[in-house]
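A closer look at the structure
If you want the building blocks of each chain, they are given just below.
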Amino acid sequence: MKHRTFFWFILPTLSAMILFIALPIVSVFVQSLFVAHEQVLVVSESCGPFGCTPTTSVDLEATEKLREEAPLGRFNGLGTYFNRSHLAIAEIGEAWASSDSLGAFWSQIYNLPFYNALIFTLTYTFVVTPAVLVLGLAIAVGVNNLPRALKGPSIFVSLLPFLVTPLVGSLILFWMVDGDGVIGATIQKIFNDPSLSLKASTALTWIMLIVYGIWHTLPFSFITFYAGLQTVPDDTLEAAQIDGASKWQTMIHVVVPHLMPLVSFVTLMLIMDNLRVFEPIVSFSAEAHARSLSWVIFNDLRESGNPLYASAGATSLLTIIIVIFLMMPVLVRTWRDFTRKSH
Amino acid sequence: MATKAQSRMTPLKLFSYTFVALWLIIAAFPFFWTFWGSFKVQADFLSKADWRNALYGANTIAQTGSAFTAEAYRGAWIDEEFWFNFKNTGIVVFFTVVISLTFGTLGGYALARSGFRYAFWILMAALVFRAMPHITLVSGYLLPFFEWNVWGILPTTIIVLVAINQPFTLWMLHSFFKNIPKDMDESAMVDGCTRFQAFRYVIVPVMWPGVITTGLFSFLLAYNDFTVAAMLLSEENETIIPAINSFMGTTQVEGKVMYAVAAVVSTVAPLFVLILFFQRQIVSGLTAGAVKG
């Protein structure tokens, strides 16, 4: 295809992506460099019979004018990135110097908002992803062994949790595990503790969110692996059987290696989706115990009346860097595949 | 051909059947439970005393005289004007799907037929864009949109959703067009067609299966979107998912949780129908990127 024709074909999609994905990243970066204006203070002296006392008051007009002139705020450089709510370099140094054990240091780090969100996001991603891979494969093998008539319906039933949006899906589960809901009330009865609530403790909240995450993404890995199982060559399976391999050995030595390319594809998709975990925290109202990076950004932007654009921008950019860093192995591999193909 | 040895019940097989059955129950039960419960009153749906109330509706009978009541649906759709949010979602979904598919087919076709290095870089960039959490982009939109006075209206949200959807659409249609033999459009060009004519008269007639599959996923993205719509739409233009979220805030206080339950069931119902009709396409779309690598 000629360069010229290529250009016209790609123009609409490329301009959409540049205008609404690439430029916003620049805009995020720019706004993270500024912080909101301080209020303009005027010091006036009120003189009475007992001498003059200076009083400070906010000059609303001047503040408004300043905001009007420079809506971004005043330039702050990379200051926002290093403050307490983000990378918190100074606080970490202090914590390292003051804490006498690793545990104490760790708990101080955990109390810093950015690291707190990062720890939850990474824990969620790296618990849900492997669990979903293993369980998805197990279900795919199970469904593959089912009689033909049952395969379609089981795929149908499995698709729902995946296609329903996280906000709605987690609400449905929330009503069940809530203190008054069917599962929540039953658990309270079993442990005979009416105050027991999944929302009350950090550990239970994390478990609840992770269970939700597995429930939501399992269908994706299951269906991909199921499709992959259809392509396992019968000859190889038969050969393994003739050589005396048990079902289990066939599984580990024939089927799993055959599915390996799929495993890396599913892992990539799962990591991308799990890193943006956000809606379940809103639905479960779990923010007291679990905050993800996306939730922190959302919260900054929702800060009523006075959105913290700089803070949201800094967190967004750090998140993007983390996402790209985690995707690096895949990007490098795709790049190698491409250069190998083109030579 | 299933031989006798293959169809014999082994412990391993029994275990795998149980496992699948367990998963199917876990997958389906919450939906069934919520659907059933949406026709009850709150005292039954969230019954601390006895979970069987939600099945038989003891309080529902006491309050309304019948075991089923559509009160929650009436409240959500008429009192809370949920139909209005549905209308907004309809507009957003329709235009997002149509525009994304138009942009995506053109771009995906170009990428599939161009062997130049920059085509590869565009695909790589799209992959990185696909990985970015949507909220990180939204925080970049707000200030400029306020400045240009385009915040809060449906067209802005539509165009943003189209853009966010492009990376995925491009990858999917790119791998789809790669499977259409090059000879088809090239022979048309030998016969004197321009590239665009070849696309229009040779490729367009055969591309519909791939376009429908991609369209289903664009539909899901636009229909299910919470992040973009919640941040970019004003209250009078709210779509269903942010509306459910604001329901939760207001109705919980007033004891109208059932309104939110009815809204949730109304939101899931179209998806249920969608899977019913398009299961095959959805499955092939989920695995499209994977099987071809």
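Residues numbered from 1 in each chain as written. Chains lettered and ligands numbered in written order. Predicted model: local features only at pLDDT ≥ 70, side-chain atom pairs only at ≥ 80, totals over all residues.

**Points about the overall build of chain A**
Helix and strand counts for chain A come out as 15 helices and four strands. Over its C-alpha atoms chain A spans a radius of gyration of 27 Å, topping by over 25% the 20 Å that the globule rule assigns to 343 residues. The dimensions of chain A, computed from C-alpha atoms along their principal axes, are 110 × 75 × 45 Å. Looking at chain A alone, contacts between residues at least 24 apart form 66% of all its contacts between residues at least 6 apart. (Helix = DSSP H or I, 4+ residues; strand = E, 2+ residues; numbered from the N terminus. Rg over C-alpha atoms; globule rule 2.2 N^0.38 Å. Contact = placed C-beta atoms within 7 Å.)

**Some words on the overall build of chain B**
Scanning chain B from terminus to terminus reveals 16 helices and zero strands. In terms of C-alpha radius of gyration, chain B reaches 24 Å, well past the compact-globule figure of 19 Å for 293 residues. Considered along the principal axes of its C-alpha atoms, chain B spans approximately 80 × 70 × 30 Å. For chain B, buried positions account for 47% of its 293 residues. Relative to all contacts within chain B whose residues are 6 or more apart in sequence, the contacts with residues 24 or more apart total 71%. (Buried ≥ 20, exposed ≤ 12 C-beta atoms within 10 Å, placed from the backbone.)

**Some details on the environment of L41(A)**
All names here are of chain A. Considering the arrangement of structural elements, one finds L41 in strand β2 (residues 41-48). With 11 C-beta atoms packed within 10 Å, L41 lands in the exposed category. Here the alpha-carbon distance between L41 and S57, two residues 16 residues apart in the chain, equals 5.6 Å. Discounting chain neighbours no more than four positions away, the residues touching L41 are T56, V58 and D59.

**A word on unusual backbone geometry**
You will see that S285(A), though not glycine, has its phi angle at about 35 degrees, which is positive. In this fold, S285(A) is placed in the loop between α13 (279-283) and α14 (293-302). The backbone of N149(B) sits at a positive phi, close to 65 degrees, despite the residue not being glycine.

**Remarks on the domain arrangement of chain A**
Residues and elements named next belong to chain A. Structurally, chain A comprises domain 1 (36-75), domain 2 (76-111) and domain 3 (114-333). Taken over C-alpha atoms, the centre of domain 2 sits 30 Å from the centre of domain 3. Facing the ten residues of domain 2 at the interface are nine residues of domain 3. At the level of elements, α3 (79-82) and α5 (102-110) are the ones that each hand at least two residues to the side of domain 2 that touches domain 3. Residues of the side of domain 2 that touches domain 3, tallied by class, amount to five nonpolar, five polar and no charged. (Domains from an automatic or database assignment. Nonpolar A, V, L, I, M, F, W, Y, C, P; charged D, E, K, R; others polar.)

**Quick notes on helix α2 (residues 11-37) of chain B**
Residue and element names in this part refer to chain B. Spanning 27 residues, α2 covers 38 Å between terminal C-alpha atoms, matching the ideal 39 Å at 1.5 Å per step. Of all the bends in α2, the greatest reaches close to 35 degrees and is centred on A28; the proline P30 follows between one and four positions later. Among the residues making up α2, those that are buried are S16, V20, W23, A27, P30, W33, T34 and G37. (Expected span 1.5 Å × (residues − 1). Bend = angle between axes of the 7 residues up to and from the residue.)

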